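Each chain, letter by letter, is given below.
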Amino acid sequence: MAKLLSCVLGPRLYKIYRERDSERAPASVPETPTAVTAPHSSSWDTYYQPRALEKHADSILALASVFWSISYYSSPFAFFYLYRKGYLSLSKVVPFSHYAGTLLLLLAGVACLRGIGRWTNPQYRQFITILEATHRNQSSENKRQLANYNFDFRSWPVDFHWEEPSSRKESRGGPSRRGVALLRPEPLHRGTADTLLNRVKKLPCQITSYLVAHTLGRRMLYPGSVYLLQKALMPVLLQGQARLVEECNGRRAKLLACDGNEIDTMFVDRRGTAEPQGQKLVICCEGNAGFYEVGCVSTPLEVLGWNHPGFAGSTGVPFPQNEANAMDVVVQFAIHRLGFQPQDIIIYAWSIGGFTATWAAMSYPDVSAMILDASFDDLVPLALKVMPDSWRGLVTRTVRQHLNLNNAEQLCRYQGPVLLIRRTKDEIITTTVPEDIMSNRGNDLLLKLLQHRYPRVMAEEGLRVVRQWLEASSQLEEASIYSRWEVEEDWCLSVLRSYQAEHGPDFPWSVGEDMSADGRRQLALFLARKHLHNFEATHCTPLPAQNFQMPWHL
């Protein structure tokens, strides 16, 4: 009966991975609470085959889940309609509650039938035995055998806790349960006295901003957190996980962040191979509808991918604070569990992943380098692009208070090498049309970075010539502008190296202070070309592996 109850309450099993011969457990291992026999690929299909009873019951419960999700998102309109029709009276609500209770009982019965179907299936019984053994004893052998299964990630045991590093327990400067430190936006109305009357006046606007951010705003900004989209993408995500596990020997892990969210990660290890890239770890930060199963993890080789809070196996919602909390535990996991030094870690981000990437670079300044692909400087201009002009004040206030993705501000706090990749046909982070390359917010990210690091070089002449270079829509036009100003790269390098040797590497630099206008133009173009590469593609085109390059540094 205990095993039957476990089957009723157990997670859904999606797939049983193929095992390599060297990784198979010995056939003589007894089925005990601490060690159970893993499935052999010769006798088990890689896809879990449910019995008819489980299969049909699962279909009914999945359909009920989809209907519940649709009802949840449409509930405001439904309540408004029922109120207008007078259906929310007590005489109408009581019979409806009876129908709802009956439906819940029927669904509970279907769940019990599904459990019986699982109980009669030896594949599922073996899986639930391994899962229970791992929850009781997280030995390396039990974890290895559990990794052969792909199932509902909510039941996966936690592999790493945010408080696990001993330095976190001893230090007072670590994150609290409320979260890690973020840069706070400046007040929208400076100089206004923060009196009780002013607070009362602002209250309706603050309530409206909160409601917009937590309903429409968050789902528009992170559509990948919407359940219906995840449901539609489930077959593709399962295929992506299978490829990473079976072909790349990926290892999945669950990390517990300081806010209680569980973060789904995948690590592909290349250490011990002949590949020189195997000694560096690339932490990948996906876009607003990206998942590590099908995202930019495939571009570099040695990778640690993770899903945003609320995406696929990760729990929670993807607000900036939750995003930073998740990134913090991912970096801690890479350092304290995987054994990488910060100097061996590269942060690679695509699109909206630039927020967590720049936060990590700001908070862990010793990381080796950062690569930002199709990212932007600030969310406000992009949010204003898609909303009506009459909502400008509400949109600005909502973004600044609840969805403040201040990538450029965080990037300027980082001292290490940076490479920006600009998509020349980007239709997402341009504020006008894709053909208007100067409206690409990646340009503003570059300009703010260079103006912070080299303020004397990026004075009037330098800023003007870099803008001309950014307007170039082809490699030929770029080269033409570069040659027009006769940029001498050897001279630029010697100037920068001499300054670094005399004043040290910390930014901002005052190089160019006593330089001619022509010299500042040359240096500005040289630095712009070293910090930004163009990729002729749209926003969502995967970056080819050959375009993944390390940032330039002296």
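Residues numbered from 1 in each chain as written. Predicted model: local features only at pLDDT ≥ 70, side-chain atom pairs only at ≥ 80, totals over all residues. Heavy atoms only, no water.

1. Focus on the overall build of the protein chain
Check the secondary structure of the protein chain and you find 18 helices and 11 strands. Here the C-alpha atoms of the protein chain give a radius of gyration of 27 Å, agreeing with the 24 Å that 2.2 N^0.38 yields for 554 residues. Buried positions account for 49% of the 554 residues belonging to the protein chain. Partitioning the contacts of the protein chain with sequence separation of at least 6, the portion at a separation of at least 24 is 73%. (Helix = DSSP H or I, 4+ residues; strand = E, 2+ residues; numbered from the N terminus. Rg over C-alpha atoms; globule rule 2.2 N^0.38 Å. Buried < 20%, exposed > 50% of the residue type's maximum accessible area, 1.4 Å probe, protein only. Contact = heavy atoms within 4.5 Å.)

2. Examining the side chain of S209
Along the chain, S209 falls in helix α7 (residues 196-221). Leaving out residues up to four positions away in the same chain, S209 has contacts with L394, R397, T398, Q401 and H402.

3. Describing the packing of aromatic side chains
The tally for this structure, following the rule as stated, stands at 18 aromatic pairs. Relative to F311, the ring of Y222 has its centre 6.3 Å away and its plane inclined at 85°; by these criteria the two rings are edge-to-face. Of this pair, Y222 sits in the loop between α7 and α8 (227-246) while F311 sits in the loop between β7 (303-306) and α9 (320-336), and the two are 89 residues apart along the sequence. Judged by relative accessible area, Y222 falls into the buried class, the value being 0%. (Phe/Tyr/Trp six-rings, centres within 6.5 Å; stacked < 30°, edge-to-face > 60°.)

4. Considerations on a negative patch on the surface
Among the surface-exposed residues, E486, E488, E489, D490 and D518 lie close enough to one another that they form a single negatively charged patch. Topologically, D518 is positioned in helix α18 (residues 517-531). Accessibility expressed as a relative area gives 37% for D518, which makes it partly exposed. (Patch = residues over 30% accessible without salt bridge, like charges linked within 9 Å, V, L, I, M, F, W, Y side chains within 5 Å. Areas by Shrake-Rupley, 256 points an atom, 1.4 Å probe, with all protein chains shown as cover. Salt bridge = Lys/Arg side-chain N within 4 Å of Asp/Glu carboxyl O. Lys, Arg positive; Asp, Glu negative; His and termini not counted. Charge placed at Lys NZ, Arg CZ, Asp CG, Glu CD.)

5. Examining the confidence of the model for the protein chain
Of the residues in the protein chain, 90% reach a pLDDT of 70 or more, and the chain-wide mean stands at 89. A low-confidence stretch, residues 21-38 stays under pLDDT 50, and its non-local contacts, those more than four residues away or across chains, total 36 contacts. Below a pLDDT of 50 lies the segment residues 40-45, which in the model reaches 13 contacts outside its immediate sequence neighbourhood of four places, other chains included. (pLDDT = per-residue confidence, 0-100.)

6. Observations regarding the pairing of β7
Burial along β7 is two-sided: the face carrying V303 and G305 and the face carrying L304 and W306 are both buried. Examined bridge by bridge, strand β5 (residues 262-268) and β7 share four bridges and lie antiparallel to one another. Paired with V268 across the bridge in β7 is V303. (Pairing = 2+ DSSP bridges.)

7. What to know about the environment of F127
Topologically, F127 is positioned in helix α4 (residues 122-136). Between the C-alpha atom of F127 and that of L13, which follows or precedes it by 114 residues, the distance is 8.4 Å. With residues up to four places along the chain from it excluded, the contact list for F127 reads P11, L13, L146, Y149 and F151.

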